[in-house]
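Letter by letter, the chains look like this.
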Amino acid sequence: MRYQLKTVRNCQGQARAVFVLEGQVDRALLEHLCPGGRVQVLPLAGKVPGALDFCRVESPEGWRLAAGLGGRELELLHPPDDPSPRERVERLLRDWGGA
Amino acid sequence: MLATAAELFRQRGFGLFRVVEAGPEGGVVECPWEHYAHGWVLKFGLRARAQGGVSHFAAGFARAAFAMAFRGEPGHYEVEQTHCRSLGDDRCRFVLRLRPEPRALEPSVGAGIMGQVDPREPFPGCRVASEAITQAVFELPTEPDERGLIPAFGVLLAKMYANYYNLTSFRFLERMEAALGQTGQELVESLLVEAGHVCAFNTFGGIMESAEWAALVKPQLHDAADWAHGIVAVANALGWGALCVDELAPEKLLLSSPNGYESNFYLSKRMSAREGVSYMLQGIAKGVMNLIFNADIQSMPQLDEAYYAERFKSGQAFGVRQIDCRIGRDGSDSFLVNR
């Protein structure tokens, strides 16, 4: 899948990365990016016009993904000074769907 | 009682509160994680040991928990912070000792004097479902993680008590006035407004760049004005008072609140001589305009200190004036933001 890494910042020490995807986020994609992760879905769709159900995934290693299901933005939170989750997500995103 | 206090501490995002020893004469509490100490390290790095720890809220919380557990009223214990994560320790640690005589404490103002929030007509032309957003954010679960901390919207949240903020900021103001007179007052007021401005930059900026925002709010936003209505709707779920957009244009925001928590506090203290006391909301109001119409938050810039200095402190940045204050008259606190 093609994506654009929109921002990486370190607000209060938290390294953040927001990937803007060419396609949409779905549960299968999140499971691909974070196998074995703990998935929590917050039902927001229907509460506000146009809102998407919101999904958080916590990996066994402690980093987290967050995204609206059906949306295009995927946020990665991971411990400061540790680039490995971002590199892993980037690699898996590139592999997803053979794109 | 101490177990209840520990759970309350965790649930509100202050960290983990572990009672190591406890008895009527005192005890020891350890916090493997603590909101302020962790936040300090993330923001500023480690402190020199001689500067001491920063977990003042946790220290007071431990003192109150022991007092209520063993004496049934506050003021009976002294506390010393012996370890702090901000000093490089692996935990925060507090030693509590029974005082020979209880210390008299100022009673809380409780909820303060709140103004009435009347139903309002939707802002003319506003396409944002503000009330639905406020309600949805209010219902969002903000469960603490395994550290007892609440990382959400790109920042560390804590469900802080309004009167803790009010009392500490008021005492800061009072003591600096006593030491430096009007200069002290002006210095503290500008610092408190700046604290709100920095809060808006980090918290509102973090919210508007978050996945939560993208899922919940962003689908409704079509232009910059919508972004302002959207973030005000989110802010109305944060417990700072009901914020209303009265006027909005690219160069001007008029924001008001009939029950801002700072004026609730000052009204309860009967400080009729004071004016323009809603310092945090002043900073928040100009922060909204600087994020949306000065910093172009829609392009998701990297919100670091260099960007803050460039956009929030430049000559082009929006300023704010509190043009109405609930103290001494009926009505709302109102904030005019322009350049």
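Reference entry: report on the structure contained in this document. One numbering rule holds for all chains: residues counted from 1, following each sequence as written. A letter from A marks each chain and a number from 1 marks each ligand, given out in the order of writing. Where local features are concerned, this predicted model is filtered to residues with pLDDT of at least 70; where side-chain atom pairs are given and counted, the filter is 80 or more; whole-chain, interface and lining totals use all residues. No hydrogens and no water enter the side-chain calculation; it runs on all heavy atoms of the structure.

What follows covers the pattern of salt bridges. Residue and element names in this part refer to chain B. Think of a salt bridge as a Lys or Arg side-chain nitrogen and an Asp or Glu carboxyl oxygen that are within 4 Å of each other. In this structure the tally under the stated criterion is 26 salt bridges over all chains. Measuring nitrogen to oxygen at the nearest pair gives 3.1 Å for the salt bridge that ties Asp226 to Arg127. Highlighted residues: Asp226 in helix α8 (residues 224-235) and Arg127 in the loop between β4 (92-98) and α4 (130-139), separated in sequence by 99 residues. Burial status follows relative accessibility: with a 1.4 Å probe on protein chains alone, a residue under 20% of its type maximum counts as buried, one over 50% as exposed, and anything between as partly exposed. Classification of Arg127 as partly exposed rests on a relative accessible area of 45%. As a salt-bridge pair, Glu251 and Arg339 come within 2.8 Å of each other at their nearest N and O atoms. Placement of Glu251 in the loop between β7 (244-249) and β8 (252-257) and of Arg339 in the segment after β10 (333-338) is noted, with a sequence separation of 88 residues between them. In this description a helix means any DSSP run of H or I spanning at least four residues, a strand means any run of E spanning at least two, and both kinds are numbered starting from the N terminus.

Here we come to unusual backbone geometry. Glycine aside, negative phi is the norm for most residues, and most peptide bonds take the trans geometry. Residue and element names in this part refer to chain B. With a phi angle near 55°, Asp296 is a residue other than glycine that sits in the positive phi range. Considering the arrangement of structural elements, one finds Asp296 in the loop between α10 (279-294) and α11 (305-312). You will see that Met300, though not glycine, has its phi angle at about 55°, which is positive. Here Met300 lies in the loop between α10 and α11. Judged by its relative accessible area of 6%, Met300 is buried.

Time to look at the state of the cysteines. The definition used for a disulfide is geometric: two cysteine sulfur atoms within 2.5 Å. Per the counting criterion, the structure on display carries 0 disulfides over all chains. With no disulfide of its own, Cys244 of chain B lies 12 Å from the sulfur of Cys126 of chain B, the closest cysteine sulfur.

Residues and elements named next belong to chain B. Here the term cavity refers to a set of points on a 1 Å grid, laid over the protein atoms alone, in which a 1.4 Å probe fits but cannot get out; the term pocket refers to an open set having protein on both sides within 12 Å along at least five of seven lines, with lining residues being those that place an atom within 4 Å of a point. Grid points are joined across faces, edges and corners, and a volume is the space filled by probe spheres set on the points. The tally for this structure, following the rule as stated, stands at 1 cavity of 30 Å³ or more. When its volume is computed, the largest cavity comes out at roughly 40 Å³. Val137, Leu140, Phe153, Ile207, Glu212, Trp213, Leu216, Val217 and Val234 together form the lining of the largest cavity. Broken down by element, the lining of the largest cavity gets its largest block of residues, 3 residues, from helix α7 (residues 211-216). Under this grouping Gly is polar, as are all residues other than the nonpolar Ala, Val, Leu, Ile, Met, Phe, Trp, Tyr, Cys and Pro and the charged Asp, Glu, Lys and Arg. Across the lining of the largest cavity, the residue classes break down as 8 nonpolar, no polar and 1 charged.

By the convention used here, residues are in contact when the closest approach between their heavy atoms is within 4.5 Å. In this assembly, 28 residues from chain A lie in contact with 32 residues from chain B. Two parts placed together each lose some accessible area; with a 1.4 Å probe, that loss summed over both constitutes the buried area. Taken over both partners, the interface formed by chain A and chain B buries close to 2500 Å², and the fraction arising from carbon and sulfur atoms is 58%. Among the ionic pairs, Lys218 of chain B bridges to Glu73 of chain A, the shortest N-O distance being 2.5 Å. Whenever two N or O atoms come within 3.5 Å, that pair is a polar contact, provided that in protein one can donate a hydrogen and the other can accept it, and provided that, for residues adjacent in sequence, both atoms are side-chain atoms. At the boundary of chain A with chain B, the tally comes to 4 residue pairs in polar contact (both at pLDDT 80 or more). Listing elements by their share of the side of chain A that touches chain B, those giving two or more residues are β1 (3-11), β2 (14-21), β3 (38-42), β4 (54-58), β5 (64-68) and β6 (73-78) of chain A. The dominant element in the side of chain A that touches chain B, judged by the number of residues it contributes, is β1 of chain A, at 5 residues. Tallied by class, residues from the side of chain A that touches chain B come to 12 nonpolar, 7 polar and 9 charged.

Soluble, globular proteins show a tendency: their nonpolar side chains are buried together. All names here are of chain B. Within this scheme, the nonpolar core is defined by two criteria: the residues are buried Ala, Val, Leu, Ile, Met, Phe, Trp, Tyr or Cys, and they are joined through side-chain atoms within 4.5 Å. Judged by nonpolar contacts, the single largest core of 72 residues is most densely connected at Phe204, Met208, Trp213, Ile231, Tyr266 and Ile292. Among the elements that take part in this core, α10 stands out by supplying 10 residues, more than any other. If sequence neighbours within four positions are ignored, Trp213 has contacts with Ile207, Met208, Lys218, Pro219, Leu221, Trp227, Gly230, Ile231 and Val234. If you look at the next biggest cluster of nonpolar residues, it comprises 24 residues, including Phe9, Ala58, Ala59 and Ala65.

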